[in-house]
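Observations on the model geometry
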Amino acid sequence: MKTKHTTHKTLFHSWAMMAVAALTLFLGAAGNSWAQKAEGLALTPPMGWNSWNKFACDIDERLIRETADAMVKSGMKDAGYQYVNIDDCWQGQRDAEGNIQPDAKRFPSGMKALADYVHGQGLKLGIYSDAGDATCGGRPGSRGHEYQDALVYARWGIDYVKYDWCNTPGMSAEPAYTTMRDAIAKTGRPMVFSICEWGMSKPWEWAGKVGHLWRTTPDIYNCFDCQFNPGFSTGLGVLRILDKHADANLRNFAGPGHWNDMDMLEVGNGMSEDEDRAHLSIWAMLASPLILGNDLRSMSESTRRILTNPGVIAVSQDKLGVQALRVLVDGPLEFYAKPLDGGDWALMFLNRSNQPADVHHDWKKQVLGDDLSKRSVDFKQAVYRWSDLWSKKTGDTSGKLEARLAPHSVLMLRLTGPAKP
Ligand code: GLA
């Protein structure tokens, strides 16, 4: 009897365990089915504009409307830019129910009306919040209001949420960002989720399932080769961001739907034209989102032409989504390669110095290879044609590549081939 009783007990125990396991699996699956980030968004690096770099807290609904107008009229929309993103300082106070309200002086018509306007231009609207109690600019953050805020954004018709990391002592990034991901998912409205914790918790290791892009570095500073340390934060120039990005092997973590974010662009904000071209080329090669940071309403024709260069944008938006590899460093000259969909390659020679530098590139000396995408080309076996994406010159890989690069400039090529014999 004792044995029988024990057998029954054991059997009952096993059934109970199985039932619990099945329930857990069911609940887990049900949980997962709504708690995923929206898939199919950001299959290529997002392109748009953000208010922060140029306007900081000096923003209002008129600026956002005029920027949307300018994005259409200037041809930026046709070039692929689609998000109009409001950064910090749009918030007023929460109402009696805790719903976040826009600053009534600066956004008197409200966010729903603004989203309708932007959508009417065929564009999308982005907004900004922070995982802590307050944003970096001291406005209300989303801590403790994540589900409520996400719901409010969805009702307004928001398409993109940038989520910052100021005022978060004692908090961990992964769970905090996961809460907001779940909150956004629960609304049922697809919104791009942009993680902005400056690379501090190595987000590339966990953020692929949480967001569509994650900042890898501190804020960009509007210069090519400098760093700004005002005491409380660091601003990095273009080359400093590139170095943090290219050295850390981050490319293994990026791909369609999940990108390393090198921060918003400073093109058109005062660097030289060569520097602006290099800045955009680097961001395109490294598959970083292209979020403009200049005043689209008053940009010069040369800035507009730089930002709408179709060949460079095609490299950024290539659907293979592989981040460029730094192949060679030769003093101030560096050489980057990005495999593209369909067998093409994008190549970039960068002159970091403030003196001209000469490129003498013998194609046949080295096999061009990328372990990540498992692609290689031996130029002794195959001739590729190239086109210079900035000067529009063309050539092929049968001879050497000779070029003089101006200070702080790039030579960016698209390689197509192999040529038919
Ligand atoms: C942080 C972010 C910036 C910007 C500001 C706004 O510094 O990294 O991109 O959003 O906050 O206060």
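Just so it is clear, the structure is predicted and the values come from calculations on it, not from any experiment.

The antiparallel open sheet is built from six strands, whose spatial order is S13-S14-S15-S22-S19-S20. The sheet is open, and its two edges are formed by strand S13 (325–330) and strand S20 (394–396), each paired on a single side. The sheet shows a mean angle of 25° between the axes of neighbouring strands, taken without regard to direction. Where strand S19 (residues 385–388) meets strand S22 (residues 409–416), four bridges bridge the pair, whose relative direction is antiparallel. Bridged to tryptophan 386 within S22 is leucine 415.

On to the pattern of salt bridges. Across all of its chains, the model carries 27 salt bridges by this definition. In this structure, the salt-bridge partner of aspartate 263 is arginine 215, at a minimum N-O distance of 3.3 Å. Placement of aspartate 263 in the loop between strand S11 (259–261) and helix H9 (273–285) and of arginine 215 in strand S8 (residues 213–215) is noted, with a sequence separation of 48 residues between them. You'll find aspartate 263 and arginine 215 in the same group, each marked buried. One salt bridge connects arginine 277 with aspartate 274, and the closest N-O pair in it is separated by 3.2 Å.

On to the pairing of strand S14 (residues 333–339), then. Of all seven residues that make up S14, seven are buried, and the element is covered over most of its length. Residues Leu333, Phe335, Ala337 and Pro339 line one face of S14 and the alternating positions Glu334, Tyr336 and Lys338 line the opposite face, and both faces are buried. Judged from the five bridges that link them, S13 and S14 form a sheet pairing that is antiparallel. What sits directly across from leucine 325, in S14, is alanine 337. Connecting S13 to the next strand, S14, in antiparallel fashion are two residues, including glycine 331 with a positive phi near 60°.

A few words on the domain arrangement of the chain. Taken domain by domain, the chain holds domain 1 (32–316) and domain 2 (325–416). The distance between the C-alpha centroids of domain 1 and domain 2 comes to 31 Å. At the interface, 25 residues of domain 1 touch 24 residues of domain 2. Regarding the contact of domain 1 and domain 2, the summed buried area is about 2,000 Å², with carbon and sulfur atoms giving 66% of it. Contact with domain 2 buries surface across domain 1, with Arg251, Met285 and Val315 losing the most and accounting together for 33% of the total.

Taken N-terminus to C-terminus, the directions of helix H3 (residues 61–73) and helix H5 (residues 111–120) make an angle of 10°; their axes are 9 Å apart at the nearest point. One way to sum up the angle between H3 and H5 is to call them roughly parallel. For the pair H3 and H5, the contacting residues are Glu61, Ile64, Arg65, Ala68 and Asp69 in the first and Leu114, Tyr117 and Val118 in the second. Of the residues assigned to the contact of H3 with H5, the class counts are five nonpolar, no polar and three charged.

Regarding helix H6 (residues 146–156), the residues found buried are Glu146, Asp149, Ala150, Val152, Tyr153, Ala154 and Trp156. Taken together, the buried residues of H6 touch strand S3 (91–94), strand S4 (100–102), H5, strand S5 (124–130), strand S6 (160–164) and helix H7 (173–187). Positive phi appears at glycine 157, one or two residues downstream of H6, with a value of about 95°.

Once that is clear, we can look at the pairing of strand S16 (residues 357–361). Residues of S16 alternate between two faces, with Ala357, Val359 and His361 buried on one and Asp358 and His360 left unburied on the opposite face. By the bridge criterion, five bridges tie S16 to strand S21 (residues 401–405) in an arrangement that is antiparallel. Looking across to S21, one finds that valine 359 is bridged to alanine 403.

Turning our eyes to something else, we now look at the site of the ligand. Taken together, 13 residues are adjacent to the ligand, and Asp87, Asp88, Lys162, Asp164 and Asp219 come closest. The side chain of tryptophan 198 places a nitrogen or oxygen atom 2.9 Å from an oxygen atom of the ligand. Interatomic distance of 2.5 Å between a side-chain N/O atom of aspartate 219 and an oxygen atom of the ligand. In the complex, 93% of the free accessible area of the ligand, which totals 300 Å², lies under the protein chains. Of the residues contributing to the shell around the ligand, the split by class is six nonpolar, one polar and six charged.

What counts, and at which threshold
- Residues numbered from 1 in each chain as written.
- Predicted model: local features only at pLDDT ≥ 70, side-chain atom pairs only at ≥ 80, totals over all residues.
- Heavy atoms only, no water.
- Pairing = 2+ DSSP bridges.
- Helix = DSSP H or I, 4+ residues; strand = E, 2+ residues; numbered from the N terminus.
- Axes fitted to C-alpha atoms, helices over the stretch in contact; angles between N-to-C directions.
- Salt bridge = Lys/Arg side-chain N within 4 Å of Asp/Glu carboxyl O.
- Buried < 20%, exposed > 50% of the residue type's maximum accessible area, 1.4 Å probe, protein only.
- Domains from an automatic or database assignment.
- Contact = heavy atoms within 4.5 Å.
- Buried area = accessible area lost by both parts, 1.4 Å probe.
- Parallel < 35°, antiparallel > 145°, perpendicular 65-115°, else oblique.
- Nonpolar A, V, L, I, M, F, W, Y, C, P; charged D, E, K, R; others polar.
- Near = heavy atom within 4 Å.
- Polar contact = N/O pair within 3.5 Å; in protein donor to acceptor, adjacent residues only side chain to side chain.
- Areas by Shrake-Rupley, 256 points an atom, 1.4 Å probe, with all protein chains shown as cover.

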